[in-house]
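# Structural overview for review
Residues per chain are reported as follows:
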Amino acid sequence: MLSTIAPAAGRLLISEPFMADPNFKRSVIVLTEYSEGGAMGFVLNHQTEYMLGDILPDLSYSEIPVYAGGPVAANTLHYIHRVPEKIENGIEIASGIYWGGDFEQIKELITNYQLTEDEIKFFTGYSGWTPDQLDQELREDSWIVTDNFGVDNVFSNNEQNLWREVVIGLGQRYAHIANFPENPTLN
């Protein structure tokens, strides 16, 4: 078993380097829930072609990127942020990372240019697992769990390098994985 840390809300899931599922290829997921009832989280490094203003007409000028949070309920919008002093009622899932909060406040902050893309991240859909499904995928070495990351990693817009950076941050035991080619037949 590659992963030595148990999953929990606020931890990251890092996909194994050759995962075939395009929804999770070289992905980094922040878990927002983990319990007997299942797990939920958002893919941090799969940016869509859309900006927030494309999805919400009343914020038509917003250039905040939107990420594909996962394949479940792709017609829903979710967000995490790191500014509880600006956005009330968010749930702290890790130190300095909040899930949800007052959406009317968010719209007002964006309209008044008081919220930036390094403070909030929006997702269409989410990643979800039924009871024991994630645990089974961990036993199959599909994911590595980590709690060794910075808040800046979560709110990074460097999606191309996020997976690699987080893998290297796991330490020497895993660092070599970061250099694996995406397609092993090209090696």
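Look up a bit, the structure's there.
Nothing here was measured: the structure is a model prediction, and the numbers come from that model.

Attention shifts here to the overall build of the chain. In terms of regular secondary structure, the chain is built from six helices and 10 strands. In terms of overall dimensions, the chain is globule-like: its C-alpha atoms have a radius of gyration of 16 Å, near the 16 Å expected for 187 residues. Expressed along its principal axes, the backbone C-alpha trace of the chain runs to roughly 50 × 40 × 30 Å. For the chain, with 187 residues in total, the buried portion stands at 45%. Considering only contacts in the chain between residues 6 or more positions apart, those separated by 24 or more positions represent 64%. Summing over all exposed atoms, the chain offers an accessible surface of approximately 9300 Å²; the carbon and sulfur share of this is 48%.

On to the nonpolar core, then. One recurring pattern in soluble globular proteins is that nonpolar side chains are buried together. Judged by nonpolar contacts, the single largest core of 25 residues is most densely connected at Leu12, Leu44, Ile80 and Val154. Secondary structure elements with two or more residues in this core: strand S1 (12-15), strand S2 (28-35), strand S3 (38-43), strand S7 (91-94), strand S8 (97-99) and helix H5 (159-169). Top element by residues in this core is H5. It accounts for four residues. For Ile80, the contacting residues outside a window of four places in its chain are Val30, Phe42, Leu44, Tyr98, Trp99, Glu119, Ile120, Lys121, Phe123, Val154 and Phe155. Counting residues in each nonpolar core, the second largest holds 14 residues, with Leu52, Leu56, Val66 and Phe122 among its members.

For a regular strand, the rule is simple: side chains alternate between the two faces of the sheet. Pairing analysis gives three bridges linking S1 to S2, with the strands arranged antiparallel. Residue pairing for S2: Ile14 is matched across the bridge by Val28. As judged from the six bridges shared by S2 and S3, these two strands associate in the antiparallel manner. Residue pairing across strands places Ser35 opposite Gly38, the latter belonging to S3. In textbook terms, the turn of a hairpin is the stretch between consecutive antiparallel strands, and for S2 and S3 this stretch comprises two residues.

Another point: unusual backbone geometry. Its identity is not glycine, yet Asn89 carries a phi of approximately 70°, on the positive side. With respect to the element layout, Asn89 can be found in the loop between strand S6 (72-81) and S7. Owing to a relative accessible area of 64%, Asn89 belongs among the exposed residues under this scheme. We note that Tyr113 has phi near 55°; this positive angle belongs to a residue other than glycine. Inspection of the secondary structure puts Tyr113 in the loop between helix H2 (103-111) and strand S9 (120-129).

Definitions and limits used
- Residues numbered from 1 in each chain as written.
- Predicted model: local features only at pLDDT ≥ 70, side-chain atom pairs only at ≥ 80, totals over all residues.
- Heavy atoms only, no water.
- Helix = DSSP H or I, 4+ residues; strand = E, 2+ residues; numbered from the N terminus.
- Rg over C-alpha atoms; globule rule 2.2 N^0.38 Å.
- Buried < 20%, exposed > 50% of the residue type's maximum accessible area, 1.4 Å probe, protein only.
- Contact = heavy atoms within 4.5 Å.
- Areas by Shrake-Rupley, 256 points an atom, 1.4 Å probe, with all protein chains shown as cover.
- Core = buried A, V, L, I, M, F, W, Y, C linked by side-chain atoms within 4.5 Å.
- Pairing = 2+ DSSP bridges.

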